[in-house]
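What the coordinates show
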Amino acid sequence: GVTEYSANLIYKGQSGGMNEGSSDIFGKMVQAYVDGGSSGASIPDFPAGDLTKWEVGRNSAADPTAPLRFMYHPSLDGSSADGWFDGIDFIDVHYSSGPLNRCFYFLACGASSTPSSTTYSPYYPAGMAGLGNDKAARIWYKALTEHLLPDSDFEAARAATVTAAQELHGIGSPEELAVMKAWSAVNVGLAPGQAPRVRVSFPIVNGEGSWLDANAQPEGILKRVQIFPTRTNVQVSC
């Protein structure tokens, strides 16, 4: 409801993933508020280290160890994306919600610098400290309701949250820096001081209006030569 009556993010591609992710975020923030006693004007944090609080639908599944989504490490469900990759536009929006969910978790709780940790990101290996639920939620809410458009992608969401952090906390604030780090940790933009990273993209082969583009289901699935994350090591030569 919040999304529909604010940014109204289109329910496909990257905007659709953020539509789904916003529902997860606000659902978790309501849970945190209720768990914290449902009083006052701030959203309490979940107990430190309790990752189960960041699992969506944990108690609705027949197996409570297999929730619908893991916001702190989305790919644990076997399908969701942990970060941006070229082709994320063409996966189901429930799975392309992963980058926003993980970015929000990092913004609220921080990221580990230990490679074996489930909250570690190879895109930002130094790790980061989080801002807490309340600050993270207010930054995303302001971005969603004041700065995002229906067709916004992850890059636009990064820009919107940076602007929101500046408006709430000031240009050059620790909160603004945390936003940049959290997005960097899901392969969207860079944090200050980071060296440019290699990004692999693949060409459009069935362009707008072509028979294969117009008739494939889901829409656009044959537009681009695609790459999807796997658990197999590969070597790319150029």
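A brief look at the structure comes next. (Residues numbered from 1 in each chain as written. Predicted model: local features only at pLDDT ≥ 70, side-chain atom pairs only at ≥ 80, totals over all residues. Heavy atoms only, no water.)

Topic: the pattern of salt bridges
The test is simple: We count a salt bridge whenever a side-chain nitrogen from Lys or Arg sits within 4 Å of a carboxyl oxygen from Asp or Glu. Here a helix means four or more residues in a row that DSSP labels H or I, a strand means two or more in a row labelled E, and each is numbered from the N terminus. Burial status follows relative accessibility: with a 1.4 Å probe on protein chains alone, a residue under 20% of its type maximum counts as buried, one over 50% as exposed, and anything between as partly exposed.
The full count for this structure, using the stated rule, is 8 salt bridges. A salt bridge links D134 to R138; the shortest N-O distance between them is 2.9 Å. Here D134 pairs with R138, and both are found in helix α3 (residues 133-147), just 4 residues apart, close to one helical turn. Relative accessible area serves as the criterion here: at 17%, D134 is assigned to the buried category. According to the relative accessible area criterion, R138 is partly exposed, its value standing at 42%. The partner of E167 in a salt bridge is K142, and the shortest N-O contact between them spans 3.7 Å. Here E167, found in helix α4 (residues 154-169), pairs with K142, found in helix α3; they are 25 residues apart in sequence, far enough to count as distant. Here E167 falls in the partly exposed class, since its relative accessible area comes to 43%.

Re the nonpolar core
In plain terms, the rule: Among the buried residues, those of types Ala, Val, Leu, Ile, Met, Phe, Trp, Tyr and Cys that are joined through side-chain atoms within 4.5 Å form a nonpolar core.
Within the largest apolar cluster, 50 residues are counted, with the highest numbers of intra-cluster contacts made by I25, W54, F104, F106, W140, F154 and W183. When contributions to this core are tallied by element, the ones reaching two or more residues are α1 (13-35), α2 (98-109), α3, α4 and α5 (174-184). Looking at this core, the element that brings in the most residues is α2, giving 7 residues.

Looking at the packing of α2 against α3
The cut-off we apply is this: Between the N-to-C directions of two axes lies an angle of 0 to 180 degrees, each axis being a line fitted to C-alpha atoms and, for a helix, fitted only over the stretch in contact. The labels follow the angle: roughly parallel below 35 degrees, roughly antiparallel above 145, roughly perpendicular from 65 to 115, and oblique for the rest. Contacts are assigned to residue pairs that have any heavy atoms within 4.5 Å of one another.
The N-to-C vectors of α2 and α3 enclose an angle of 135°; their axes lie 8 Å apart at closest approach. Judged by the angle between their axes, α2 and α3 are oblique. Where α2 abuts α3, its residues L100, F104, L107 and A108 lie against N133, A136, A137 and W140.

Points about the packing of aromatic side chains
As a reminder of what qualifies: By convention, a stacked pair of Phe, Tyr or Trp rings (six-membered ring in the case of Trp) has centres within 6.5 Å and planes under 30 degrees apart, an edge-to-face pair has planes over 60 apart, and any other such pair is tilted.
Following the criterion strictly, the structure yields 8 aromatic pairs and no others. Ring geometry for F154 against W183: centres 6.5 Å apart, planes inclined by 50°, an arrangement best described as tilted. You can see F154 sitting in helix α4 and its partner W183 sitting in helix α5, a full 29 residues away along the chain. Comparing F154 with W183 shows no difference in burial state: the two are buried. Every member of this aromatic cluster is reached through a ring pair, and the members are F46, W54, F70, Y72, F104, Y105 and F106.

Some remarks on the side chain of R69
We apply this condition: Two N or O atoms count as a polar contact when they lie within 3.5 Å, although within protein this holds only if one can serve as hydrogen donor and the other as acceptor, and sequence-adjacent residues are included solely when both atoms are side-chain atoms.
As for its position among the elements, R69 is in strand β2 (residues 69-70). A distance of 2.8 Å separates the side chain of R69 from the side chain of D24, its partner in a polar contact. Sequence-distant contacts of R69, that is, excluding residues within four places in its chain, are made with E20, D24, W54, E55, V56, H94, S97 and N101.

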